[in-house]
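# Notes for the structure review
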Amino acid sequence: MHKEIRYLYIICTLIGFQFNVTSQVLFDYNDISVFFGDRNKSSNTIQSLEKTKSGDLLCVQRKTSFFQMFSKNNSKYTFDLITDYSIPKAKPIKFYGNGEKSNLFNFTYIGNKVLGLSYRASFLDQSPNLFYHIINPQTSGKTNHGFAISSFNSLPKVMDLSRISMVSSVDASYAAIIYIPLTKPKDFTTIKYVILKEDFSILIENEFFFPFASQQYEPLEYFVFNEKQQILITGHYVENPPGNNWQNEDRFFENISISHINNNTLNLTKLNEKGKYFTDVQVLEKNDKLHISALYTSFIDGYIEGTYVAVVNKRGEIIKEFFTPFSKDIRSPQALKNNSFSNQFRTEVEYSKFNIFDIQVLNDGYLISSEYNALEYRYGGTDVPGATNVIDTYYWSSDIIVSKIGQNGQLVWNKVVPKIQRSINDGGYYLSTASYFDSEKLHLFFNDNSQNYSEGGFYNKYGEVPMTSQFSKSKNTIAHVSIDLKDGEIFRKKTLGRAETKVLFVPRLSTSFNSTNTLMIYGQSGNKHRVGSVSFIK
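Described in the following lines is the structure provided in the data block. The shown structure was predicted, so the numbers you read here are calculated from the model rather than taken from an experiment.

## Points about the overall build of the protein chain
- For the protein chain, the helix and strand inventory stands at four helices and 40 strands.
- Within the span of the protein chain, comprising 538 residues, buried residues form 51% of the whole.
- Here the analysis covers contacts within the protein chain between residues at least 6 apart in sequence; of these, 54% occur between residues at least 24 apart.
- For the protein chain, the exposed surface amounts to about 25,300 Å²; the carbon and sulfur share of it is 48%.

## So, the sheet that holds strand S13 (residues 129–135)
- Pairing is mixed in the open sheet, where six strands are placed in the order S14-S10-S11-S12-S13-S15. The open sheet is flanked by strand S14 (143–145) and strand S15 (147–148), the only strands paired with a single partner.

## Things to note about the pairing of strand S35 (residues 476–484)
- Across the nine residues that make up S35, a large majority, eight, are buried.
- Bridge count for strand S34 (residues 441–449) against S35 is nine bridges, and the pairing is antiparallel. Bridge pairing in S35 places Leu444 opposite Val481.
- Pairing between S35 and strand S36 (residues 490–494): five bridges, direction antiparallel. Each bridged residue has a counterpart across the sheet, and for Ile483 the counterpart in S36 is Ile490.
- Taken together, S35 and the strand that follows it, S36, pair antiparallel across an intervening segment of five residues, in which Gly488 is found at a positive phi of about 80 degrees.

## Examining a positive patch on the surface
- A cluster of basic residues, Lys63, Lys76, Lys94, Lys101 and Lys142, forms a positive patch on the protein surface.
- Within the secondary structure, Lys142 is located in the loop between S13 and S14.
- Lys142 gets classed as exposed once you look at its relative accessible area, which sits at 72%.

## Observations concerning the nonpolar core
- Membership of the largest hydrophobic core comes to 20 residues, with the highest contact counts inside it found for Leu295, Ile304, Val309, Phe326, Phe354, Tyr366 and Ile401.
- Of all the elements in the fold, those that place two or more residues in this core are strand S26 (306–313), strand S28 (346–362), strand S29 (365–379) and strand S30 (391–406).
- Aside from chain neighbours lying at most four places away, what touches Leu295 is Tyr277, Phe278, Thr279, Asp280, Ile304, Gly306, Thr307, Phe326, Phe354, Ile356 and Ser370.

## Here's the deal with empty space enclosed by the protein
- Under the defined criterion, the tally for this structure stands at one cavity of 30 Å³ or more.
- Around the largest cavity sit Ile32, Val34, Phe445, Ile478, Thr495, Leu496, Phe505, Ile521 and Val534, which together line it.
- Its residues assigned to classes, the lining of the largest cavity shows eight nonpolar, one polar and no charged.

## Details of the side chain of Glu376
- Mapped onto the fold, Glu376 is located in strand S29.
- Within polar-contact distance, the side chain of Glu376 engages the side chain of Arg378 at 3.1 Å.

## Quick notes on the packing of aromatic side chains
- According to the stated counting rule, one finds 27 aromatic pairs in the structure shown.
- An angle of 90 degrees between the planes, with centres 4.9 Å apart, marks the rings of Phe35 and Tyr85 as edge-to-face. Here Phe35, found in strand S5 (residues 32–36), pairs with Tyr85, found in the loop between strand S9 (76–82) and strand S10 (94–97); they are 50 residues apart in sequence, far enough to count as distant.
- For Phe35, a relative accessible area of 8% corresponds to the buried category.
- Note on Tyr85: relative accessible area 2%, which makes it buried.
- Summarising the aromatic geometry, the rings of Tyr77 and Phe79 are spaced 6.3 Å apart at their centres and angled 20 degrees between planes, so their arrangement reads as stacked. Across the pair, Phe79 and Tyr77 agree in class, each one buried.
- An aromatic cluster of three or more residues is present, and its members are Tyr77, Phe79, Phe107 and Tyr109.

What counts, and at which threshold
Residues numbered from 1 in each chain as written. Predicted model: local features only at pLDDT ≥ 70, side-chain atom pairs only at ≥ 80, totals over all residues. Heavy atoms only, no water. Helix = DSSP H or I, 4+ residues; strand = E, 2+ residues; numbered from the N terminus. Buried < 20%, exposed > 50% of the residue type's maximum accessible area, 1.4 Å probe, protein only. Contact = heavy atoms within 4.5 Å. Areas by Shrake-Rupley, 256 points an atom, 1.4 Å probe, with all protein chains shown as cover. Pairing = 2+ DSSP bridges. Patch = residues over 30% accessible without salt bridge, like charges linked within 9 Å, V, L, I, M, F, W, Y side chains within 5 Å. Salt bridge = Lys/Arg side-chain N within 4 Å of Asp/Glu carboxyl O. Lys, Arg positive; Asp, Glu negative; His and termini not counted. Charge placed at Lys NZ, Arg CZ, Asp CG, Glu CD. Core = buried A, V, L, I, M, F, W, Y, C linked by side-chain atoms within 4.5 Å. 1 Å grid on protein atoms, 1.4 Å probe; cavity = no way out; pocket = protein on both sides within 12 Å on 5 of 7 lines; lining within 4 Å. Points joined across faces, edges and corners; volume = space filled by probe spheres on them. Nonpolar A, V, L, I, M, F, W, Y, C, P; charged D, E, K, R; others polar. Polar contact = N/O pair within 3.5 Å; in protein donor to acceptor, adjacent residues only side chain to side chain. Phe/Tyr/Trp six-rings, centres within 6.5 Å; stacked < 30°, edge-to-face > 60°.

Okay, here's the thing in structure tokens:
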């Protein structure tokens, strides 16, 4: 199945940079090679691992101490490039605006640098002053002084920082800062935006009126093409939905709107179909087009029935759209019903639905991958005066549905990858799935239970409910699922796990480097961290 663990003393080159190796772990399999560098000790939290415009791996760390938990300035960020499979030593940056300390609360990427956003609020005037910062991961010092954003700082009311978003263009040549405030139920939304270029110059500060109240829609994506053209995509909620259990369900969208902004003029197009509701929406920009993918149902609180795809040009015009039902075996309620919630607990389910986590545009169609996720509260104790009650938060992530859709919307194949993942009171940090796509296969990686596999390492629970994923040294393993793009044939096996790596795999922090056939991965256990990679053998 695989070769023995080998502890190496080597110097290698991977994903475009050199790294020195002292004592790492390498596992070879038939089609992949999994490598982990040294374990590093750090009290920081790794917030993201991102690929820069030049192909480097950027590590964003955040440090929060106990004494900072109750402070507005509760996090210290550090931005560094990973060059040797080691987590960089934290060098937290102190941010300033107009000579006074400010708090970094958001960031995005532009060129090979980071565009940060901080706020400063005085004791007497609690309306924040906003500043943007130029952060160079290669030369970042201990302090960073920002530049004021005049249009945001001139707002007459207190600004809700949670309503500010930051995005980058696909080529990282432009970045946008967008403020979408909450409104009164009958008021339109005034959306403010700032566009910056790769040299960090502000090209435009402006606003436009969006003809809906903020409670009627959810901002989904904002695409910036240049200082003149942008597209805002929003999902619009069903008004006055029926159903007794509606308050406990995630709200569905009745339609999707595409708002093309050209020289501050808005042109709006709606995507909708009578009797169809969208449960989740994701958008991918590729080949100068926007590819909108969604899951849909015919009932306001029903099971998902299939996928929806719309192709839109940069002017916001619809090129084509189609609904593609799942095959009958997947569309049946039993295939989509979650049976993980236990009736012996007093529970409240806040969130429960399938989410799209990967979209691929193929030469002959589309590949759409979705995953079931849920958030559940379980109440312990007794409902009597003086009793101590406990509320535990359960995070669930289970079955994966992968669908291949033809160019004209026909279903080529769809497959279910069964899994059950659960964690408690940890934010679901080790749940979900990492994906890597090449011209022949889709590869999926997630934490699993080694008891779902034979002694030879092959999955052996076909036709059965798999055992719940485990995170202990004795039972944890990283599952590798490869799906052939032609016919959907699935091959599933276990790889290494916590016993070999001494850390737990964190799927959400994986990053693809297709130019070198590599998926960069990361694991953590307590204050120990490890950076690794999966190399795909052609």
